[in-house]
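The lines below spell out each chain.
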Amino acid sequence: MTIDSPLDLYSVDASGVNLRKLCGGGITNTMESCVAAAILPGNPDAVIIGDSKLGADSPRLRFSRVELDNFVAAYQANEIF
């Protein structure tokens, strides 16, 4: 399945997907920053991202690889304040 539009990412049933906790870098010495993520079923170029602290209650946002690449590029160019 190919999904061309970011809006289409939410039409994929991902209710049974378990997000994997990914951590890196600490906010403080006592708190590590983490997110939870998984590949969107049927689309290896899209991910589901949630807040690891909220667990199953976390909103699950979906992003295409292009959207994430654009976010990282903007961050690296100091365009996000």
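Residues numbered from 1 in each chain as written. Predicted model: local features only at pLDDT ≥ 70, side-chain atom pairs only at ≥ 80, totals over all residues. Heavy atoms only, no water.

Draft legend 1. Layout of the nonpolar core. By size, the foremost hydrophobic cluster in this structure holds eight residues: Leu9, Val12, Ala14, Val17, Ala38, Leu40, Ala46 and Ile48. The set of elements that each furnish at least two residues to this core consists of strand 2 (31-40) and strand 3 (43-50). Ignoring anything within four residues of it in the chain, the contact list for valine 17 reads Ala38, Pro41, Ile48 and Arg60. (Core = buried A, V, L, I, M, F, W, Y, C linked by side-chain atoms within 4.5 Å. Buried < 20%, exposed > 50% of the residue type's maximum accessible area, 1.4 Å probe, protein only. Helix = DSSP H or I, 4+ residues; strand = E, 2+ residues; numbered from the N terminus. Contact = heavy atoms within 4.5 Å.)

Draft legend 2. A look at the state of the cysteines. Inspection of every chain in the model, using the stated rule, returns one disulfide. Between the sulfur atoms of cysteine 23 and its disulfide mate cysteine 34 the distance is 2.0 Å. Looking along the S-S bond of the cysteine 23-cysteine 34 disulfide, the torsion reads about 105 degrees, which is the right-handed sense. A residue pair is termed long-range when its members are at least 10 positions apart, and cysteine 23 in strand 1 (residues 20-28) and cysteine 34 in strand 2 qualify at 11 residues. (Disulfide = S-S within 2.5 Å.)

Draft legend 3. Local environment of the pattern of salt bridges. Summed over the entire model, instances satisfying the criterion amount to two salt bridges. Across the pair arginine 65 and aspartate 45 runs a salt bridge, and its minimum N-O distance is 3.0 Å. Placement of arginine 65 in helix 1 (residues 65-76) and of aspartate 45 in strand 3 is noted, with a sequence separation of 20 residues between them. Using a relative accessible area of 43% as the deciding quantity, one classes aspartate 45 as partly exposed. With a shortest N-O distance of 3.1 Å, aspartate 51 and lysine 53 are connected by a salt bridge. The class of lysine 53 is exposed, set by a relative accessible area of 66%. (Salt bridge = Lys/Arg side-chain N within 4 Å of Asp/Glu carboxyl O.)

Draft legend 4. Broad picture of unusual backbone geometry. Even without a glycine there, the phi angle at asparagine 78 is positive, about 55 degrees. As for its placement among the helices and strands, asparagine 78 is situated in the segment after helix 1. For asparagine 78, a relative accessible area of 59% translates into the label exposed.

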